[in-house]
Amino acid sequence: MIGEILADTKTRMARAVEAAKEDFATVRTGRANPQLFQKILVDYYGSPTPLAQLASLGNPEARTLIVTPYDKSALKAIEQAIRDTPNIGANPTNDGNIVRVTLPELTADRRREYVKIVRNKGEDAKVHLRGIRRKSKDELDALKSDVGEDDLARGEKELDVLTRTYVDEIDEALKRKEAELLEV
């Protein structure tokens, strides 16, 4: 029972860390990166649709992205969604076939602002991990009558080690992203 709870916890925490890393990737650095647009939702015929499902993304130059929609009628909606996305500062232009997105040069102030955003995302990820830990701890406590106290204490120690490992992994990813953002 305890092993199953810990295995499930490990899986959920690993997914939370991967989600955090993907979230970090959506914050831009000096180069244009198609991952910046992974979380952009476009109002496509009344329903929010991820941009990646509506268009292909290309990166011909360091600060330029090309968005080629599969359906040309979605050009205006894609352009508007990119323009309305906060923290990118992009200025999309539409030539009737593609949307060309030129990202501005990052200033030192803008880089520090992005570091704050990434730190907030990192803290949110850690809060999520602690929530997973709390739920697993409650599941372990529910087993109190079925297993011995020693087994329960060992399970809780393993849970704490697991939590610490994944929190450290988020901290490491956060440190790498901060260094990448501050690099000129």
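Every value quoted in this text rests on a predicted model; they were computed, and no experiment measured them.

So, on to the nonpolar core. The nonpolar side chains of a soluble globular protein tend to be buried, and buried together. Ranked by size, the top nonpolar core spans 20 residues in total, and within it Phe37, Ile40, Leu51, Val67, Ile78, Ile82 and Val101 carry the most contacts. Counting only elements with at least two residues in this core, the list comes to helix 2 (51–54), strand 4 (64–69), helix 3 (75–84) and strand 6 (99–102). For this core, the element with the highest residue contribution is helix 3, accounting for 4 residues. Excluding anything up to four places from it in sequence, Leu51 contacts Phe37, Ile40, Val42, Leu57, Val67, Ile78 and Ile82. The next biggest cluster of nonpolar side chains, apart from the first, holds 11 residues, and it includes Ala125, Leu129, Tyr166 and Val167.

Moving on: the pairing of strand 1 (residues 41–44). Inspection of the sheet shows strand 1 paired to strand 2 (residues 47–50) by 4 bridges, in the antiparallel sense. Bridge assignment links Leu41 to a residue of strand 2, and that residue is Pro50. If you look at the hairpin formed by strand 1 and strand 2, you'll find 2 residues sitting between the two strands, and Tyr45 has a positive phi there, around 50°.

About the thresholds
- All chains use their own residue numbering, which begins from 1 and follows the written sequence.
- Only residues with pLDDT of at least 70 are given local features in this predicted model, and only at 80 or more are side-chain atom pairs given and counted; all residues enter the totals for whole chains, interfaces and linings.
- Heavy atoms from the whole structure form the basis of all side-chain values; hydrogens and water molecules are not counted.
- Residues belong to one nonpolar core when they are buried, are Ala, Val, Leu, Ile, Met, Phe, Trp, Tyr or Cys, and are joined through side-chain atoms within 4.5 Å.
- Buried means the residue's accessible area, taken with a 1.4 Å probe over protein chains only, is under 20% of the maximum for its type, while exposed means over 50%, and partly exposed covers the values in between.
- Per the convention used, a helix needs a DSSP run of H or I reaching at least four residues, while a strand needs a run of E reaching at least two, with both numbered from the N terminus.
- Note on contacts: a residue pair is in contact if any heavy atoms of the two residues lie within 4.5 Å.
- Paired strands, as defined in this entry, are two strands with at least two bridges between them according to DSSP.

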